[in-house]
Amino acid sequence: SPRDDGGDGEVGPPPGVGAAGGKSSLRTRWAVLLLTCLAMSGPYYAYDVPSSLHQQLEDYMPSSSSSSSSYETRFNLLYTVYSVPNVVLPLFGGSFVDRYGGPRCMAAFAATVCAGSAILGAGVAGRSWDAMYVGRFVFGLGAESMCVAQSTVVSEWFEGREVAFAMGVGLAVSRLGSIWNNFSSPRTANERGVPAAFWAGTGLTFLSVVLSLLITVVDGRAARRLERRRRNGEGPAMGSLTEALLEDSGAGGGAPRPSEDPGRNEAACEKSQSGVRVSDVRRFGPLFWLLTLSCVVVYGCVLPFNNVASGVLLERDYFTASPGGCTLEWPGECSAGYLVSGSNQALDEDGDVCDVAPGQAPVLPSSVDHARSDTADERSAEWEEDSYIYPSLTPGDVDCGDPFWKDACTSDF
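In this report, we go over the structure that sits alongside the text. (Residues numbered from 1 in each chain as written. Predicted model: local features only at pLDDT ≥ 70, side-chain atom pairs only at ≥ 80, totals over all residues. Heavy atoms only, no water.)

**Re the state of the cysteines**
Overall, the coordinates contain 2 disulfides when judged by the stated rule. Two residues share a disulfide in this structure: C326 and C354, whose sulfurs sit 1.9 Å from each other. Looking along the S-S bond of the C326-C354 disulfide, the torsion reads about -110°, which is the left-handed sense. With C326 in the loop between α13 (286-317) and β1 (327-328) and C354 in the loop between β2 (346-347) and β3 (368-371), this pair connects stretches of sequence that are 28 residues apart. Disulfide pairing places C334 opposite C409 at an S-S distance of 2.1 Å. Residues C334 and C409 are joined by a disulfide whose S-S torsion is about -95°; by sign, that bridge is left-handed. Of the two residues, C334 is situated in the loop between β1 and β2 and C409 in helix α14 (residues 403-409); the sequence distance between them amounts to 75 residues. (Disulfide = S-S within 2.5 Å. Helix = DSSP H or I, 4+ residues; strand = E, 2+ residues; numbered from the N terminus.)

**Quick word on the packing of helix α1 (residues 28-47) against helix α9 (residues 176-192)**
As a packed pair, α1 and α9 sit with axes 8 Å apart at the nearest point and diverge in direction by 45°. Taken as axis vectors, α1 and α9 run oblique relative to one another. As α1 packs across α9, the resulting crossing turns out to be right-handed. Every residue of α9 that contacts α1 at S41, Y44 and Y45 is listed here: G177, S178, W180, N181, S184 and S185. Class assignment of the residues belonging to the contact of α1 with α9 gives a composition of 3 nonpolar, 6 polar and no charged. (Axes fitted to C-alpha atoms, helices over the stretch in contact; angles between N-to-C directions. Parallel < 35°, antiparallel > 145°, perpendicular 65-115°, else oblique. Left-handed = near helix turned anticlockwise from the far one by under 90°. Contact = heavy atoms within 4.5 Å. Nonpolar A, V, L, I, M, F, W, Y, C, P; charged D, E, K, R; others polar.)

**A few points about helix α6 (residues 102-125)**
An ideal rise of 1.5 Å per residue puts 34 Å on 24 residues; α6 measures up with 34 Å between its terminal C-alpha atoms. Taken from the residues just after α6, R127 is the one with a positive phi, measuring 55°. (Expected span 1.5 Å × (residues − 1).)

**Examining the packing of α6 against helix α7 (residues 129-157)**
Relative orientation of the contacting elements α6 and α7 amounts to 155°, with a least axis distance of 7 Å. Classified by the interaxial angle, the pair formed by α6 and α7 is roughly antiparallel. The two elements α6 and α7 meet at a crossing, and its hand is left-handed. Of the residues contributing to the contact of α6 with α7, the split by class is 20 nonpolar, 10 polar and 2 charged.

**Considering the pattern of salt bridges**
In the structure shown here, the tally under the stated rule is 5 salt bridges. R29 is paired through a salt bridge with E162; the nearest N and O atoms lie 3.2 Å apart. Of this pair, R29 sits in helix α1 while E162 sits in helix α8 (residues 161-174), and the two are 133 residues apart along the sequence. The two residues R29 and E162 agree in class, both being buried. Ionic pairing is found between R372 and D386, a salt bridge with its closest N-O pair at 3.0 Å. (Salt bridge = Lys/Arg side-chain N within 4 Å of Asp/Glu carboxyl O. Buried < 20%, exposed > 50% of the residue type's maximum accessible area, 1.4 Å probe, protein only.)

**As for the nonpolar core**
In terms of nonpolar packing, the biggest core is built from 26 residues, with L57, L78, W129, M132, V194 and F198 touching the most fellow members. Among the secondary structure elements, those contributing two or more residues to this core are α1, α3 (54-60), α4 (68-83), α6, α7 and α10 (194-231). Those residues in contact with L78 that sit more than four places away from it in its chain are P50, L57, W129, M132, Y133 and R136. In terms of nonpolar packing, the next biggest core, distinct from the first, is built from 25 residues, C37, Y44, M146 and V154 among them. (Core = buried A, V, L, I, M, F, W, Y, C linked by side-chain atoms within 4.5 Å.)

Geometric values such as these leave the question of function open.
And the structure:
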């Protein structure tokens with residue numbers, strides 16, 4: 001059981017964990033872990049909003065071409081402008097983390113993510129692809145580097161076997177943001193509009209900024225407490241995460257570990273404070289490069305599919321064409337909504353009611369001719385257009401974000 005050492009938040013470490021004297025000896029480490037998990041949930045949520053709204057975004061955004069490939073290209077550019085800079089940005093982000101510390105950098109990167117998400121939300125509200133690209137680019141400037149900072153914070157607060165456990169908990173809880181997004185964003189878009197779903201992501205990234213600032217406060221207090229103890233000779237100086245990732249050039253032949261050689265440990269700390277150089281990459285060991293290759297393979301397989309999975313699966317399983325040979329009982333009238341008086345069922349060639357499977361699109365009117373001025377219902381004030389005249393209506397003409405189609409004329413589509 002944990003050993004209480006006097007009410008300062010310090011407990012004895014479990015087997016396999018470093019000796020007391022560092023942040024890993026404080027009870028506060030579990031609160032820090034929870035804060036980092038919640039702080040990372042916001043960016044994960046906001047990152048996946050476009051993928052969960054693939055179809056709604058296509059209906060909402062204006063298109064300069066009738067070809068669906070034009071939309072797919074623009075949609076995937078949202079992920080391209082995020083990913084391309086992050087091929088190199090985490091290298092600089094890691095350098096900033098080593099220089100200024102994980103907590104402060106995490107807060108700065110979280111603020112960058114929030115700014116990018118706000119620009120993206122404004123771009124969606126204005127139906128501007130260019131503004132959306134700028135927002136995703138700014139979002140990407142901070143998102144991946146924020147992951148680096150979060151890993152640094154966790155590695156500073158946990159030691160030994162607790163590190164792997166903390167990293168696993170951090171990733172699992174943070175990814176709940178993506179899962180939550182998959183459920184909530186489509187519902188928010190359907191009920192309140194596509195921009196509202198993106199603004200929800202912005203709100204969560206703002207919450208991440210607040211949590212990151214709280215982590216900075218907690219970490220600062222812990223660092224000052226440990227510094228006082230170190231000056232009193234009660235604990236060792238803390239090493240650098242970068243040194244832990246670098247290959248130990250003198251590890252062969254039973255050489256002492258840095259923690260076992262105080263003089264060598266002090267020299268390593270002094271060297272880490274002098275800054276990180278690009279040439280340090282030559283000291284990375286085989287284990288680092290194997291882990292890097294593993295990440296490349298896993299991310300290269302999983303993330304591209306996640307980005308487009310919503311559109312692929314919906315088009316395959318839920319957006320199949322209406323049953324052939326079926327027409328509405330009154331082809332020139334709305335199919336479902338408050339403009340429909342009575343019912344307007346879809347009938348087959350024999351006059352029987354069509355059997356529309358759950359994954360099939362409902363039968364649309366063959367033509368539509370409605371104007372706001374001809375409608376007594378006050379809800380027509382919410383329509384985006386004054387008139388809707390379509391001599392030959394196609395599924396591409398239906399804008400599910402427009403209250404006319406969504407609530408008044410084709411609410412079942």
